[in-house]
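Chain and residue survey
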Amino acid sequence: MADQQEEEDLRMALRMSMQNSPPEPKRSKPREAANLATTTPEESRRLQRELMAAAAEKRMLATGKSVPASGSPLKSDSGGDIGTKEMEIKAKEVKLGNELSEKEAYQLFFMVFGNGVSKDILAQWSNQGIRFSPDPETSMILVQHEGGPCGVLAAIQAFVLKHLLFCPDDLVKAAQSTPQNSTPRRLSKNQYVASNNFAAFTENAKARALVKSMGEILFLCGNNKRAVIATLSSIGDGVEESEDSLTDVIIAQALEGLSIESASDLHEVLRVETYTTPASAYKRLEAIIPVFQSRMGALLFLISALLSRGLDCVQADRDDPSLPLVTAPFGHASQEIVNLLLCGQAVPNVFDGRMDLGGGMFLKGVSTNVEVGFLTLLESLNFCKVGQNLKCPKWPIWVVGSESHYTVLFALDTAVQDENELEARESQIRKAFDAQDQSGGGGFISVEGFHQVLRETNIRLPSEKLDSLCGSGFIVWSEFWQVILDLDKSLGGLKDSTGQMGQKIFDLYHFNGIAKSDLNGSQFSSGGETPMQRPRLTKLRVSVPPRWTPEEFMADVAVLPSGSAGAQPSGKDTEVAKPEPSQHAPLVDCIRTRWPRAVCNWVGDPPSIV
């Protein structure tokens, strides 16, 4: 009742503040908000200040405190300032309303967009909000209308999925109640399986997951010490104090005619706030989430992440700080932006750690484990090598990169990342090989590095195999791997005389946030069937064959029945059941960088990563 009375008082204060306007007949709340839209921005800000003052006065009267004269602090009976300690605590926790300095604004603009950025690219980044799809079947997808900010949206989407699928409140509480020496990874090892009823998530649950995800990313960028939230100075605190109907009006007025075309524009319109506790940042994000849902949302969040990291630290993370973070000519988010949002550092590479080029020069990769990971089509084309940090994240969720777009791949069952004995052996050998690879992901190492790999992994190659591999002066991974596949386990290889390699079958889901015509989601109208414009969701059935090469698995060979490993077959041999013929799309090539030999099938349109 008290909250309802306070809302009524706020509405009354609004009507009283508009007494100089011509009298209007009584209207419902939406029409009342619409009437406010005819005021100027200056009048709107004045009205919001009056609303906040009325609310503050009411709270003081309710607590029995006197209302001070303008500019006079409240005094206690002992003569001390009331709330001084609270103000000092808040001052340490958050710095409100700081303007971005002119120097920082110029550094930020040229870091993101560089020199000579086109108006089209600026428009792409100034017209993309962080909003969920209105379509029920894809309502947990952040919808994208144009190219450009997809790297920002995909990274946020991955964290939203983490919170919606694997971190509901009861699971989070269970994680918090575990002993300190336990880790959240223990939960994922318990084969937690999330629900596939994506339409069941409430608006409140999605909004809460979005706020948690944004706050988590910003604190990750701030080394878990701070989060900087960038918003528009023309909005001020009006959004936080106003009703929902007035919020849209305030934001619409602030965005009317606003464009970001230069560093001076950033300097004029940005307001930044620094928070040092997650609770305070979450509270602020929750209050101003409509600002991030507006057309400036994606750009404001990128700026928030960069400022949370610190502009100088961002430049230090990069291999070439002279290049813009938004790449020409199409304005896509660079790998540095995606890595910043996934691991908290704007490093440009996807391999683990850093690569020593000699002479004190290094290439920087991802040095820590991550909550959600990354896969890329470029690895299947041998342009790069994704390290284990990004390839094997804590949760089975990956941002997927193509040449021009970022999408999201995920599983509902955390067990999809569990490795059997031979998969663990494969990972061990690959990690040792990658540690010696100084080719920038080219997949070859020196003879000296090769001998180090053999020592670390206890592989004993016959002399003729060793001489053959080392004959050219460098060792290529693909050739080495074929030798390992044919080398018996007793010598450190992966050849299994039983023929039982542990087939895996599981489901993956793929989200593409760009709203396009979806024939599978067609709607019928009087004029016939009309394709629905919505993001795309594809379910894939993935089967990893029990043999190390597809040729062996697809061949007509006799194997032991399931569950009879080590026993000798009696009577007629049992032939292995062949999988459905694999369907192909570029996404399948990405999946095979994580699960080699994977066979993928789906129903309907092929999954799109562009």
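Please refer to the structure placed before this passage.
Residues numbered from 1 in each chain as written. Predicted model: local features only at pLDDT ≥ 70, side-chain atom pairs only at ≥ 80, totals over all residues. Heavy atoms only, no water.

1. Looking at unusual backbone geometry
Operational definition: The secondary structure listing takes helices from DSSP runs of H or I that are at least 4 residues long and strands from runs of E that are at least 2 residues long, numbered from the N terminus. Classification of residues uses two cut-offs on accessible area relative to the type maximum, computed with a 1.4 Å probe and protein chains only: under 20% is buried, over 50% is exposed, and between them is partly exposed.
Pro329 follows Ala328 through a cis peptide bond whose omega is 5°. Along the chain, the position of Pro329 falls in the loop between β4 (326–327) and β5 (332–333). Positive phi is not limited to glycine here, since Asn224 has a value of about 60°. Of note, Asn224 is situated in the loop between α10 (203–221) and β2 (227–232). The exposure class assigned to Asn224 is exposed, which follows from its relative accessible area of 61%. In this structure, Arg597 is a non-glycine residue whose phi angle is positive, near 75°. Note on placement: Arg597 falls in the loop between α25 (586–594) and β17 (599–602).

2. Some details on empty space enclosed by the protein
The test is simple: Residues are said to line a cavity or pocket when one of their atoms sits within 4 Å of a point; the points come from a 1 Å grid over protein atoms alone, cavities being sets where a 1.4 Å probe fits but cannot get out and pockets being open sets with protein on both sides within 12 Å along at least five of seven lines. Grid points are joined across faces, edges and corners, and a volume is the space filled by probe spheres set on the points.
On inspection of all chains with the given rule, the structure shows 5 cavities of 30 Å³ or more. Estimated volume of the largest cavity: approximately 100 Å³. Lining the largest cavity are 15 residues, with Leu142, Leu153, Ala154, Tyr406 and Gly513 positioned closest to its centre. Of all elements in the fold, only α7 (150–166), β10 (406–410) and β13 (504–525) reach the threshold of two or more residues within the lining of the largest cavity.

3. Examining the packing of α7 against helix α17 (residues 335–343)
For clarity, the cut-off: Lines fitted to C-alpha atoms define the axes, with helix axes restricted to the stretch in contact, and inter-axis angles between N-to-C directions lie between 0 and 180 degrees. Here is the rule for angles: anything less than 35 degrees is roughly parallel, anything more than 145 is roughly antiparallel, 65 through 115 is roughly perpendicular, and the remaining ranges are oblique. Handedness of a helix crossing follows the sense of rotation of the near helix relative to the far helix, less than a right angle counterclockwise being left-handed and clockwise being right-handed. What makes two residues a contact is simply this: any of their non-hydrogen atoms within 4.5 Å. Three categories are distinguished: nonpolar for Ala, Val, Leu, Ile, Met, Phe, Trp, Tyr, Cys and Pro, charged for Asp, Glu, Lys and Arg, and polar for the others, with Gly belonging to the last.
The N-to-C vectors of α7 and α17 enclose an angle of 20°; their axes lie 9 Å apart at closest approach. Regarding the angle of α7 to α17, the classification is roughly parallel. The two elements α7 and α17 meet at a crossing, and its hand is right-handed. Facing Gly151, Val152, Ala155 and Phe159 of α7, the residues of α17 in contact are Ile337, Val338, Leu341 and Leu342. Residue composition of the contact of α7 with α17, by class: 7 nonpolar, 1 polar and no charged.

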